[in-house]
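Here is how the chains run, residue by residue.
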Amino acid sequence: MVTANGYDDEIAVLFGRGDGTFLDARLFATGVAPSAVAVADINRDGYADVVTANADSNDVSVFLGRGHRTFAPARPFPVGTGPIAVAVADVNRDGVPDLATANADSHDVTVLLGRGDGTFASPLAIPVTSPRALALADLNKDGRIDLAVATADLNQVTVAWGRGDGTFPVMAAFPTGTEPVSLAVADVNRDRRPDLISANHASDDVSVLLGLEDGGFTTGGTFAVGSAPSAVAVADLNRDGRIDLVTADTESGTLSVLFGHGDGTFADAQHGAAGEIPVALAVADFDGDRRVDIAAAGSSSVSVLFGTRTGTFADVRRFAVGSYPSCLVLADLDRDGRLDVATANSDSGDVTVVLGRGDGSFDAPQSFPIGSGQGSIAMADLDGDGSIDLVSADSAGDGVWVLSGHGDGTFSAPRPFVVDGGPHAVAIADLNADRRPDLITTNFYGDAASILFGDGDGTFSPFQSVELDRSPHSIAVADFNRDGRPDLATANLNAGNVTVLLQASDGTFETAQRLAVGNRPVAIAAEDLNGDGQPDLAVANCGSESVSILLGRGAGKLAVTQAIPVGLQPDSIAIADLNADRHPDLVIGDFATSDVWVLLGHGDGTFERAQTFLTGGSSPSCISVADLNGDGRPDLVTANYYSANISVLLGGSR
């Protein structure tokens with residue numbers, strides 16, 4: 001995958017692993033303000049080359065591939081003024097790829113005839129008013145490449161038929177919607193003639209121009225998409241033999257998918273979240289499953305949506321909560337049989353409750369003020385009244401807040417309980433087997449855990465401190481040595497390790513192991529990942545872009561078995577069986593890309609290659625799994641830190 005980074009005067013090349021993931025981006029300097037990119041074997045040496053159109057230096061940069069994921073330094077070739085699109089084809093039938101650019105400021109198209117060695121002849125200019133996009137294809141089936149140009153100010157597509165010698169003397173114009181800015185070619189009505197599709201930025205639609213036998217076009221209709229589409233791509237997304245459309249909608253921040261009927265018409269658009277505001281698109285099978293995937297480029301990242309058997313993509317819904325939600329829990333808070341969501345919001349200093357409707361949607365949020373700096377939230381029936389209560393860790397106030405539930409989705413005024421040194425995470429478990437829930441916090445600044453034994457009425461005894469390593473960030477509770485007593489494991493951010501604490505018969509905890517994992521471990525979860533009856537751990541390392549797997553060896557001992565590369569900043573983790581194969585799978589929230597990564601488990605402690613799904617929010621800080629709409633399939637919920645909302649990704653069958 002190649003992206004043009006206009007503000008940095010460079011391209012980013014991401015070499016694929018064949019499983020839907022990519023190696024780290026390699027950067028190559030271009031001309032000034034690269035605005036479009038194309039890939040082809042320009043010099044016919046068997047290696048892919050890259051061409052960029054550079055809007056402010058009025059040239060194209062040609063990177064000749066050398067193999068082994070390297071390129072020769074860019075060579076510039078002058079074109080018109082303000083080139084914003086580039087296409088590659090053999091326009092003079094000499095067997096050598098040629099280039100064409102759409103030049104917005106000089107109102108023309110430049111044709112560069114290739115010499116076969118990576119260089120080009122002097123540019124040829126074809127006057128065209130306000131060109132914004134172009135395509136090269138044999139539109140009239142005469143064996144010669146023709147030119148189609150989206151002319152934004154005239155609300156039309158200009159077609160110039162090629163003579164096969166690099167010239168295009170005959171032109172005609174065909175009307176579109178308002179301000180066409182992107183163009184694609186495909187046979188959408190299955191008559192074996194190329195058709196044209198334009199994305200119309202100002203009219204929020206796509207225009208379909210159906211090809212005629214003489215190479216002309218007739219209007220096939222317009223079809224509504226999201227707001228301000230900036231790009232259109234074509235592919236058979238659901239493998240029914242019919243061409244479908246995808247648009248990147250910049251103002252609504254969505255992708256629109258229109259399934260084709262095979263006659264030149266399309267079903268109503270389905271809209272999905274696109275991560276960052278999408279400005280460019282590509283369609284391909286990135287993960288080798290023979291289904292078309294979509295790559296959407298935003299201002300600083302690329303998101304990939306993996307296709308399903310039906311051609312659909314992750315169904316994402318978003319619901320507002322408080323400011324900077326840092327953690328969430330799922331529970332039936334109002335005892336109506338439907339799952340609800342509670343979030344701890346670090347900036348607004350409150351807990352937000354959204355009551356579920358049982359179909360994956362939620363009522364308007366309710367806010368319950370507590371202290372500032374809320375970092376984590378947990379839930380249980382703390383006072384034995386049959387209603388779910390909430391506990392939130394207040395890292396700024398060195399305490400936890402307990403909100404007693406009334407069973408109707410409302411809560412009593414919060415009560416504080418003191419702990420030590422900036423509690424970041426909180427967990428609930430019956431540590432001393434008295435059938436009363438106890439609290440455990442990891443205290444980021446105190447390098448310790450605080451344990452508060454419950455009295456059974458929603459109150460707690462003064463905390464007891466357990467020493468940990470530097471900057472404990474999150475906690476997992478499991479019986480690691482299978483002695484019937486809950487044990488603890490913490491991910492210690494600045495120590496780069498995991499501490500395993502085994503509970504002794506007298507209720508105290510002793511450090512059994514310190515296990516080095518990746519850089520800056522931030523989240524931890526416990527589950528039997530390999531089916532041997534021993535609790536295992538999965539740890540998200542935000543500083544090394546990985547997940548560490550620690551398998552239990554018995555007697556409370558664990559061993560790090562692998563580190564799996566995941567995303568750019570894995571910040572949260574959950575474990576659940578997502579595909580009903582009875583094997584635990586991993587779900588990771590990526591704080592940097594705002595995606596969710598899913599790693600399907602094999603049942604032996606290893607995992608398939610990661611798949612990514614868009615959250616539609618900004619910077620997921622917490623993730624949870626449950627069946628929210630009652631269809632028997634696990635759904636995902638993320639708390640999105642910077643967009644102050646939660647995202648619901650409804651589960652489906654790929």
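Shown above is the structure to which this text applies.
What counts as what
Residues numbered from 1 in each chain as written. Predicted model: local features only at pLDDT ≥ 70, side-chain atom pairs only at ≥ 80, totals over all residues. Heavy atoms only, no water. Core = buried A, V, L, I, M, F, W, Y, C linked by side-chain atoms within 4.5 Å. Buried < 20%, exposed > 50% of the residue type's maximum accessible area, 1.4 Å probe, protein only. Helix = DSSP H or I, 4+ residues; strand = E, 2+ residues; numbered from the N terminus. Contact = heavy atoms within 4.5 Å. Lys, Arg positive; Asp, Glu negative; His and termini not counted. Salt bridge = Lys/Arg side-chain N within 4 Å of Asp/Glu carboxyl O. Polar contact = N/O pair within 3.5 Å; in protein donor to acceptor, adjacent residues only side chain to side chain. Pairing = 2+ DSSP bridges. Axes fitted to C-alpha atoms, helices over the stretch in contact; angles between N-to-C directions. Phe/Tyr/Trp six-rings, centres within 6.5 Å; stacked < 30°, edge-to-face > 60°.

**Student:** Explain the nonpolar core here, please?
**Tutor:** Across soluble globular proteins, you tend to see nonpolar side chains buried next to one another. With 30 residues, the main nonpolar core has L328, L333, A342, V353, I377, L390 and I646 as its most contacted residues. Those elements that provide at least two residues to this core are β30 (325-331), β31 (340-345), β32 (350-354), β54 (620-626), β55 (635-640) and β56 (645-650). Considering each element in turn, this core owes the most residues, 5 residues, to β30. In this view, I377 contacts C327, L328, V329, A342, T343, A344, V351, L390, V391, S392 and V426; residues no more than four positions away in its chain are not counted.

**Student:** What is the right way to read the side chain of D487 from this model?
**Tutor:** Inspection of the secondary structure puts D487 in strand β43 (residues 487-492). As a buried residue without a salt bridge, D487 has its nearest oppositely charged side chain in R485, at a separation of 6.2 Å. Here the side chain of D487 touches F480 through a polar contact of 2.8 Å, landing on its backbone nitrogen. For D487, the residues in contact, after removing those within four places along its chain, are A476, V477, A478, D479, F480, N481, L501, L502, Q503 and F509.

**Student:** When you look at the sheet that holds strand β18 (residues 180-186) in this model, what are you seeing that I'm missing?
**Tutor:** Consider a sheet: its strands pair through backbone hydrogen bonds, and that pairing is either parallel or antiparallel. Read across the sheet, 4 strands follow the order β18-β19-β20-β21 without closing on themselves; strand pairing throughout is antiparallel. One side of each edge strand has no neighbouring strand; the edge strands of this open sheet are β18 and β21 (217-224). Pairs of neighbouring strands in the sheet enclose a mean axial angle of 20 degrees, with direction left out of account. As judged from the 5 bridges shared by strand β19 (residues 195-200) and strand β20 (residues 205-211), these two strands associate in the antiparallel manner. Of the residues in β20, the one forming a bridge with N200 is D205.

**Student:** Any chance you could explain the packing of aromatic side chains here in plain terms?
**Tutor:** Two numbers describe a pair of aromatic rings. These are the distance of the centres and the angle of the planes. Taken as a whole and judged by the stated rule, the model has 14 aromatic pairs. Ring centres 5.5 Å apart and planes at 85 degrees place the aromatic pair Y324 and Y642 in the edge-to-face group. Taken as a pair, Y324 in the loop between β29 (315-320) and β30 and Y642 in the loop between β55 and β56 lie far apart in primary sequence, 318 residues in all. Assessed through its relative accessible area of 46%, Y642 is described here as partly exposed. Site record: aromatic cluster; members linked through ring pairs are Y324, F591, Y641 and Y642.

**Student:** What is the right way to read the pairing of strand β45 (residues 509-516) from this model?
**Tutor:** In regular strands, side chains alternate between the two faces of the sheet. Here 7 bridges tie strand β44 (residues 497-503) to β45, and the two strands are oriented antiparallel to one another. Across the sheet, V500 pairs through a bridge with Q513, a residue of β45. The hairpin turn running from β44 into β45, its antiparallel successor, is 5 residues long, and G507 in that turn takes a positive phi close to 90 degrees.

**Student:** I'm lost on the pattern of salt bridges in this one. Help?
**Tutor:** By the definition in use, this model includes 6 salt bridges. Its salt-bridge partner being R132, residue E179 comes within 3.6 Å of it at the nearest N-O pair. On the criterion of sequence distance, the pair formed by E179 in the loop between β17 (170-175) and β18 and R132 in strand β14 (residues 131-137) is long-range, its members being 47 residues apart. When its relative accessible area of 25% is taken as the criterion, E179 is described as partly exposed. Here R193 makes a salt bridge to E213, at a shortest N to O gap of 3.9 Å. Of this pair, R193 sits in the loop between β18 and β19 while E213 sits in the loop between β20 and β21, and the two are 20 residues apart along the sequence.

**Student:** What is the right way to read the sheet that holds strand β50 (residues 570-576) from this model?
**Tutor:** Ordered by their spatial adjacency, 4 strands build an open sheet running β50-β51-β52-β53, and the pairing between neighbours is antiparallel. One side of each edge strand has no neighbouring strand; the edge strands of this open sheet are β50 and β53 (611-614). Within the sheet, the average angular offset between the axes of one strand and its neighbour, ignoring direction, is 25 degrees. Where strand β51 (residues 585-590) and strand β52 (residues 595-599) come together, 4 bridges link them in antiparallel fashion. Looking at β52, one finds that I588 is bridged to W597.

**Student:** What am I meant to see in unusual backbone geometry here?
**Tutor:** Peptide bonds are trans in most cases, and residues, glycine excluded, mostly fall at negative phi. Positive phi values are uncommon outside glycine, yet N58 reaches one of about 55 degrees. Residue placement: N58 occurs in the loop between β5 (49-54) and β6 (59-63). Taking relative accessible area as the criterion, N58 reaches 26% and is therefore assigned partly exposed. The backbone of A228 sits at a positive phi, close to 60 degrees, despite the residue not being glycine. Mapped onto the elements of the fold, A228 is located in the loop between β21 and β22 (229-235).

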